[in-house]
Amino acid sequence: MRYDNGGDLLVAVLRELGIDTVFGIVSVHNLPLVEAVDRELRFVPVRHEASAVNAADAWGRARGSIGCALTSTGTGAGNAAGSLIEALSAGSPVLHVTGQVESEFLGSGRGFIHETKDQLGMLEAVSAYAASVPDAASAGRILREAAHAALAVPGGPASVEWPVDLQYAAQSDTPVALPPQVLPVPGDAGLAAAGALLASARRPLIWAGGGARTARAELTALLEATGAGLLTSNSGRGTVPEDHPQVVGNFATTPAARALLADADVLLTVGTHFRSNETADYTLEMPAAHIQIDADAAALGRVYPAAHALHGEAAATLAALLPHARAADAPWTQRVTAVREEVRAALSEGIGPQAAVLAAIRDALPREAVVARDVTIPSSSWGNRLLPMHDPRDNVFPRGGGIGQGLGMGIGAALARPGAPTVVMAGDGGLAVHLGELLTLAQERPRLTLIVFNDGGYGVLRNMQDRYGERRSGVDLVTPDFELLARSCSLPYLRIAAEEHAAPVLAEAVATDGPVLVEVDLAALGPMKNPFTPPVRIPGR
């Protein structure tokens, strides 16, 4: 098929992928692409390339599919790199299409405007796939190969650089079916051995990570057949709805959950990579009778030894294990439910006045709402544990731990799911990283409540320095008058300065059919009962 230019071809490929919204920044080196997308689909002009990738990433997460970001070459592509690292860390499929200088001058080193040294090498370092379009006959194939790679297990961003002269050129495209994804399947002997161990369990636990998200029904069936308790990583939250009585949740490092792990006779883990912050820097002890399922062969036994390492896709492997399931001892399942309640009550007590904000968010949101969280104390202390998740697509956050990505992610998620409200939890420090995206919020006007927890700086690091050091360095920041800032962006503004404000303010904000900025004045609200410090070790302290 023939297309007048690369933009028309890109639109055709995006339609094949089910993408109707693209995030990016227009440039002289991607103009044909942006013009076609803006004409035929929805182009969202964010204010920074990093936010373009964050928004596309979250758009795909909230839909359970793939998102698309358009950036410029050189500095623009470099600006996107940090958010590509986030998508790579999360295994999140993103099609990142970036411009490139005219092919005649590519790699000449003559300082052509927007050119950078070895841009493709940079993209290869931060992407699961990266390629350059060499001619007008190859662009369609490369775009499809990139999307195919992004959607493969374990997934991640795929970057395509496209010289601008080739974008303007007429395109010839002959779609060729790519080979279907071949999902790994464990061997019969391995399944039988793992099944025998599972059948022997009287005190089983299951730990679900992000790789279990595609196996919701199978995981729920196995959980109920065994009477096991379910621990989750942050990424695995909502795989089984968190109001299920056997879901302990993202509490593995708490004393009560550690005691469960110590007494469990079999642990089945599904698609989790045991990140350092979720295993107390790998000091968390696991049962020796460990069955590990992962579609990524490199993950098997990498952190904790596995008695039975099953290289397989989660849904099929769990379904194959289900016939081996036997009910746990009744007192064990009862203990699981008791621990579930105990850890939630303890954390709720420890967060003090912020418990009122938690309750207000929970009460205001319908079951299908999206919660996007930046890296901030309320997110890291209770947002990642106590706000109930009923679907993994509702739980959007930077899995790589980078600050400042929450608002871009929230905008992407809100535009992916316009029928449901989106809440963004951000700190004043993180919001300042990409403050310009308030203008994107004001321009696009999604149904998004931005909750800014204002403590005048980087609270997590401030708490660390107060606990372990003698002075503060780099953590106390000037913050804006958020009411004036909201007004300047034509955004409604509300404030929470006392516990009794939380419920009416957040109910009003979430019910609004558009964006609202809510400031939580933490100085006025009062401190947590137990100040939060991150679960990292400081040598010698």
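For the structure, check the block above.
On a predicted model such as this, the values are computed, not experimentally measured, just so you know. (Residues numbered from 1 in each chain as written. Predicted model: local features only at pLDDT ≥ 70, side-chain atom pairs only at ≥ 80, totals over all residues. Heavy atoms only, no water.)

Asks: Now, about empty space enclosed by the protein: what can you tell me, with residues and values included?
Replies: Under the defined criterion, the tally for this structure stands at one cavity of 30 Å³ or more. There is about 50 Å³ of room inside the largest cavity. Lining the largest cavity are Thr232, Asn250, Phe251, Ala252, Thr253, Asn277, Glu278 and Arg385. Of the residues in the lining of the largest cavity, the class split is two nonpolar, four polar and two charged. (1 Å grid on protein atoms, 1.4 Å probe; cavity = no way out; pocket = protein on both sides within 12 Å on 5 of 7 lines; lining within 4 Å. Points joined across faces, edges and corners; volume = space filled by probe spheres on them. Nonpolar A, V, L, I, M, F, W, Y, C, P; charged D, E, K, R; others polar.)

Asks: Just give me the short version of the environment of Arg487, but keep the residues and values in it.
Replies: Position of Arg487 among the secondary structure elements: in helix α19 (residues 482-488). Taking the relative accessible area as the measure of exposure, Arg487 reaches 54% and is therefore exposed. As for Arg487 and Leu517, which are separated by 30 residues in sequence, their C-alpha atoms are 9.8 Å apart. (Helix = DSSP H or I, 4+ residues; strand = E, 2+ residues; numbered from the N terminus. Buried < 20%, exposed > 50% of the residue type's maximum accessible area, 1.4 Å probe, protein only.)

Asks: Give a description of the nonpolar core that names residues and reports values.
Replies: Of all hydrophobic cores here, the largest spans 79 residues; its most connected members are Trp162 and Leu450. Other than its neighbours up to four places away in sequence, Leu450 contacts Leu407, Val424, Ala426, Leu431, Leu438, Val516, Leu517 and Val518. Ranked by size, the runner-up nonpolar core spans 55 residues in total, among them Ile377, Ala502, Val510 and Val520. (Core = buried A, V, L, I, M, F, W, Y, C linked by side-chain atoms within 4.5 Å. Contact = heavy atoms within 4.5 Å.)

Asks: Residue-level account of the side chain of Asp394, with values.
Replies: With respect to the secondary-structure elements, Asp394 resides in the loop between α14 (377-383) and β16 (395-396). When neighbours within four sequence positions are excluded, Asp394 is seen to be in contact with Arg367, Glu368, Ala369, Val370, Val371, Met389 and Arg417.

Asks: So what's going on with the side chain of Gln119? Which residues, and what values?
Replies: For Gln119, the location among the structural elements is in helix α5 (residues 119-126). Looking at Gln119, its side chain comes within polar contact range of the main-chain nitrogen of Gly74, at 2.8 Å. A polar contact is formed between the side chain of Gln119 and the side chain of Glu161, at a distance of 3.0 Å. Aside from chain neighbours lying at most four places away, what touches Gln119 is Thr73, Gly74, Ala77, Thr98, Gly99, Gln100 and Glu161. (Polar contact = N/O pair within 3.5 Å; in protein donor to acceptor, adjacent residues only side chain to side chain.)

Asks: An account of the pattern of salt bridges is needed here, citing residue identities and associated values.
Replies: One pass over the full model with this rule turns up 26 salt bridges. Of the charged contacts, one joins Arg237 and Glu242 as a salt bridge, the two residues approaching to 2.8 Å between their closest N and O atoms. Salt bridges sharing partners connect three or more residues here, namely Asp8, Arg15, Arg39 and Glu40. (Salt bridge = Lys/Arg side-chain N within 4 Å of Asp/Glu carboxyl O.)

Asks: Got a sec to walk through the sheet that holds strand β11 (residues 247-249)? Specific residues and values, please.
Replies: Spatially, β11-β10-β9-β12-β13-β14 is the arrangement adopted by the six strands of the open sheet, whose pairing is parallel. Whereas interior strands pair on both sides, the edge strands pair on one side only; in this sheet they are β11 and β14 (308-311). Averaged over all pairs of adjacent strands, the angle between their axes in this sheet comes to 20°, without regard to strand direction. In the sheet, strand β9 (residues 204-208) pairs with strand β10 (residues 229-232) via four bridges, with the strands oriented parallel. Across the sheet, the residue bridging to Leu205 is Gly229, located in β10. Sheet strands touched by helix α12 (residues 330-350): β9, β10 and β11. Its angle to β11, the strand with the most contacts, is close to 40°. (Pairing = 2+ DSSP bridges. Axes fitted to C-alpha atoms, helices over the stretch in contact; angles between N-to-C directions.)

Asks: Could you give me a rundown of the packing of helix α3 (residues 49-63) against helix α4 (residues 75-90), with the residues and numbers involved?
Replies: Between α3 and α4, the least distance of the axes is 6 Å, while the angle of their chain directions is 30°. The orientation of α3 with respect to α4, classified from their angle, is roughly parallel. Crossing angle aside, the handedness with which α3 passes α4 is right-handed. Seen from α3, the contacting residues are Glu49, Ala50, Val53, Asn54, Asp57 and Arg61; seen from α4, they are Gly76, Asn79, Ala80, Ser83, Leu84, Glu86, Ala87 and Ala90. (Parallel < 35°, antiparallel > 145°, perpendicular 65-115°, else oblique. Left-handed = near helix turned anticlockwise from the far one by under 90°.)

Asks: A description of unusual backbone geometry should follow, citing residues and the corresponding values.
Replies: Residue Pro154 follows Val153 across a cis peptide bond; omega there is 10°. You can see Pro154 is positioned in the loop between α6 (139-151) and β7 (157-163). The phi dihedral of Asp118 falls on the positive side, at around 50°, and the residue is not glycine. The topology assignment puts Asp118 in the loop between β5 (94-100) and α5. Residue Asp118 is classed as exposed on the basis of its relative accessible area, which comes to 51%. Located in the positive-phi region is Ser490, a residue other than glycine, with phi close to 60°. Its location among the elements puts Ser490 in the loop between α19 and β19 (493-496). You can call Ser490 exposed: its relative accessible area is 54%.

Asks: So, the layout of surface pockets: which residues are in play, and what are the values?
Replies: Empty space among the atoms can be located by rolling a probe the size of a water molecule over them. Each pocket or cavity is described by its volume, and for the largest pocket that value is around 1300 Å³. Those elements giving two or more residues to the lining of the largest pocket turn out to be α10 (255-263), α12, α14 and α18 (459-468). If you tally residues by element for the lining of the largest pocket, the top one is α12, at five residues. For the lining of the largest pocket, the class distribution of residues is 19 nonpolar, 17 polar and 10 charged. Lining the second largest pocket are 45 residues, with Gly91, Pro154, Gly210, Gly211 and Arg213 positioned closest to its centre. Listed by contribution, the elements that provide at least two residues to the lining of the second largest pocket are α3, α4, α6 and β13 (290-294).

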